[in-house]
Amino acid sequence: MKTLIIINGVTGAIGSACLAELSRNPNIDIYGLSRKALPFKKFLRNGNLPTNTIVCSIGDISDPSLCKSFTEKIDKNAYGRIIYIHAVGIYPFEIDKSGKIEVAHDEDGDGIDDRVLKLSNNAFFGMVNALETTGLPLHGFIFGGIADQYEPVVHKSWWTVMKKVKEKMRLESERNSDLSFTLLNISSVICFNELLTRPFVFQDTDAHPRFWLKPHEVAERVVEIICTPKKGLVEEFLFHESDYCGKNYFLDERFTPRKYRELGIR
């Protein structure tokens, strides 16, 4: 039977690369999710989503009820398994120009940027839990960063949420043997958004684009992983060894000043 792959964030650099890498496989249908696309209900035929590749919108991806409405329209008899690729998120830099910790969008006062929790935790598990109700084997795929293990203070919201996500993936996969996960920790990706948010990275630091990942390299590794499914939670790292990224690279006393230079903060 065919495999259904759902790519949330399909218009981003990694999401679109995954779409291109997977779309020619005759045994795969892809549902790309983007807020820019037509509502998924526009695509319904005889009450179900089509058994072909489309790009659609479900609205607020962090709303469990909307995730459930979407997954209820999947033709469960057409697929042998589902793979959910979560390629959305925000990676905020959390120190202001004076050097003080500054967490934006923290309405509940927990010290965590609410947007990170919403996109990387709530939206991810909202869709995973909704897809689980189809009864089909399900693999959830999410991206982390290679710096997460060092817990840099400037990205505290991000790695704090990802620690929570990682632990929940472990528990969920232990609860349901038909549910598995991959956490792929990646380095910087050479794409428009990275250079937009880090405008001076190649001017005021020793970083060089030849060491950064290309979107298609990430997509190729995603395909390799999902074609050899594993049980439980699998964590991997994908990056190119560089001559400037030594063992102390991610320590706060080096990493934070470097981030200032990337952003043009003197």
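Description of the structure in this document. (Residues numbered from 1 in each chain as written. Predicted model: local features only at pLDDT ≥ 70, side-chain atom pairs only at ≥ 80, totals over all residues. Heavy atoms only, no water.)

**What about the packing of helix 3 (residues 114-132) against helix 4 (residues 156-175)?**
Next, step 1: Axis separation between helix 3 and helix 4 bottoms out at 9 Å; the angle between their running directions is 15 degrees. Classified by the interaxial angle, the pair formed by helix 3 and helix 4 is roughly parallel. The crossing of helix 3 and helix 4 is right-handed. Within the contact between the two elements, helix 3 uses Val116, Leu117, Ser120, Asn121, Phe124, Phe125, Asn129 and Glu132 and helix 4 uses Ser157, Trp158, Val161, Met162, Lys164, Val165, Lys168, Met169, Glu172 and Arg175.
Next, step 2: Counted by class, the contact of helix 3 with helix 4 contains nine nonpolar, four polar and five charged residues. (Axes fitted to C-alpha atoms, helices over the stretch in contact; angles between N-to-C directions. Helix = DSSP H or I, 4+ residues; strand = E, 2+ residues; numbered from the N terminus. Parallel < 35°, antiparallel > 145°, perpendicular 65-115°, else oblique. Left-handed = near helix turned anticlockwise from the far one by under 90°. Contact = heavy atoms within 4.5 Å. Nonpolar A, V, L, I, M, F, W, Y, C, P; charged D, E, K, R; others polar.)

**Description of the side chain of Glu236**
Next, step 1: Tracing the sequence through the fold places Glu236 in strand 7 (residues 233-238).
Next, step 2: Assessed through its relative accessible area of 17%, Glu236 is described here as buried.
Next, step 3: When residues no more than four places from it in sequence are discounted, the contact partners of Glu236 are Leu183, Leu184, Asn185, Arg221 and Ile225. (Buried < 20%, exposed > 50% of the residue type's maximum accessible area, 1.4 Å probe, protein only.)

**Details of the nonpolar core**
Soluble globular proteins tend to bury their nonpolar side chains together.
Next, step 1: Ile6, Tyr31, Phe70, Ile74 and Phe124 are the most contacted members of the largest nonpolar core, which has 38 residues in total.
Next, step 2: With eight residues, the top contributor of residues to this core is helix 3.
Next, step 3: Excluding its chain neighbours within four sequence positions, the residues that come into contact with Tyr31 are Leu4, Ile5, Ile6, Ile7, Leu49, Pro50, Asn52, Ile54, Phe70, Ile74 and Tyr79.
Next, step 4: One finds Ile85, Val189, Val223 and Leu238 within the second-largest nonpolar core, a separate group that totals 25 residues. (Core = buried A, V, L, I, M, F, W, Y, C linked by side-chain atoms within 4.5 Å.)

**Quick notes on the sheet that holds strand 7**
Next, step 1: An order of 3-2-1-4-5-6-7 is seen for the seven strands of this open sheet, with the pairing classed as parallel. Taken across any chain shown, the strands that pair with only one partner, and hence form the sheet edges, are strand 3 (54-56) and strand 7. Here the average twist between neighbouring strands, direction ignored, is 20 degrees.
Next, step 2: Where strand 4 (residues 79-86) and strand 5 (residues 138-145) come together, five bridges link them in parallel fashion. Residue pairing across strands places Ile85 opposite Phe141, the latter belonging to strand 5.
Next, step 3: Against the sheet, helix 4 makes contact with strand 5, strand 6 (179-186) and strand 7, and its axis sits at roughly 155 degrees relative to strand 6, the strand it touches most. (Pairing = 2+ DSSP bridges.)

**A look at unusual backbone geometry**
Next, step 1: Phi is positive for His105, close to 55 degrees, though the residue is something other than glycine.
Next, step 2: Exposure remark for His105: the relative accessible area of 48% places this residue in the partly exposed category.
Next, step 3: The backbone of Glu151 shows a phi angle near 50 degrees, a positive value even though the residue is not glycine.
Next, step 4: In this structure, Glu151 sits in the loop between strand 5 and helix 4.
Next, step 5: Residue Glu151 is classed as partly exposed on the basis of its relative accessible area of 32%.

**Examining the packing of aromatic side chains**
Next, step 1: Throughout the structure, instances matching the rule amount to 14 aromatic pairs.
Next, step 2: Aromatic pair Tyr84 and Phe124: ring centres 6.0 Å apart, planes at 25 degrees, arrangement stacked. Taken together, the residues Tyr84 in strand 4 and Phe124 in helix 3 connect sequence positions 40 residues apart. Summarising the burial analysis for this pair, Tyr84 and Phe124 share the class buried. (Phe/Tyr/Trp six-rings, centres within 6.5 Å; stacked < 30°, edge-to-face > 60°.)

No statement about biological role is implied by the geometric values presented.
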